[in-house]
Amino acid sequence: EAQVTQNPRYLITVTGKKLTVTCSQNMNHEYMSWYRQDPGLGLRQIYYSMNVEVTDKGDVPEGYKVSRKEKRNFPLILESPSPNQTSLYFCASSYRDRDSPLHFGNGTRLTVT
Amino acid sequence: GIQVEQSPPDLILQEGANSTLRCNFSDSVNNLQWFHQNPWGQLINLFYIPSGTKQNGRLSATTVATERYSLLYISSSQTTDSGVYFCAVSSTDSWGKLQFGAGTQVVVTP
């Protein structure tokens, strides 16, 4: 089944403890991206990647890192999480060609205390 | 960056009614998509439609790129249509950098 898989679904952590949220897709998509969703602020793009080893900042990249060493994986790294990074996070992927719909993972709810 | 405005912010419909959701954007786009976020939080792609008209069952969408707006039509609404509808766009010089609108919350009552 074609899908975007995020792990974990829920994560509670403490300020300053490094964490990684994994994202994997099995559709051979070139394009992958990360978003955070907060009440009243909608969905905001954190980082995106047009292909392996190519990443770019979205609207809210501060405090996050990404890497794209393989086509199928696009992990989101929080080196020193803070409470303002408590949010619902989504990973998504698509082909890079035009006319390619974006497929989302099921989300990761992160709480930083 | 590109600005995206969706209207109305909220919509309450009786089952069977039709509705139109609107997405206005401030610059030329080469990527425009509509999504439905269901009450369980899943985001489902409805249309990839930077221009023209598409239909999928009871849903259809039209984008008039020259006038910088897109419309999503829901016909014969069902309770399963409840949720939040988002449009997302990126400008012609930055296909991968997506900007989401604030969404339209739709509630369909039996």
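Residues numbered from 1 in each chain as written. Chains lettered and ligands numbered in written order. Predicted model: local features only at pLDDT ≥ 70, side-chain atom pairs only at ≥ 80, totals over all residues. Heavy atoms only, no water.

Residue and element names in this part refer to chain B. One open sheet accounts for 5 strands, arranged β1-β3-β8-β7-β6; its pairing is antiparallel. At either end of the open sheet lies a strand with only one pairing partner, and these are β1 (4–7) and β6 (52–56). When strand polarity is set aside, the average angle formed by the axes of neighbouring strands in this sheet is 15°. Here strand β7 (residues 59–64) runs beside strand β8 (residues 69–74); their pairing, made up of 6 bridges, is antiparallel. Each residue of the ladder has a partner; that of Ser60, found in β8, is Tyr73. (Pairing = 2+ DSSP bridges. Helix = DSSP H or I, 4+ residues; strand = E, 2+ residues; numbered from the N terminus. Axes fitted to C-alpha atoms, helices over the stretch in contact; angles between N-to-C directions.)

Another aspect to go through is the side chain of A:Thr108. All names here are of chain A. Mapping Thr108 onto the fold places it in strand β11 (residues 108–112). The class for Thr108 is buried, based on a relative accessible area of 0%. A polar contact of 2.6 Å, which involves the side chain of Thr108, links it to the backbone oxygen of Pro8. Once residues lying within four places of it in the same chain are set aside, the contact partners of Thr108 are Gln6, Asn7, Pro8, Arg9, Val21, Ser87, Leu88 and Tyr89. (Buried < 20%, exposed > 50% of the residue type's maximum accessible area, 1.4 Å probe, protein only. Polar contact = N/O pair within 3.5 Å; in protein donor to acceptor, adjacent residues only side chain to side chain. Contact = heavy atoms within 4.5 Å.)

The residue A:Gln45 is located in strand β5 (residues 42–51) in this model. Side-chain polar atoms of A:Gln45 contact the backbone oxygen of B:Gly96, separated by 3.0 Å. Among residues more than four places away in sequence, those in contact with A:Gln45 are A:Tyr31, A:Ser33, A:Trp34, A:Tyr35, A:Gly58, A:Asp59, A:Val60, B:Gly96, B:Lys97 and B:Leu98.

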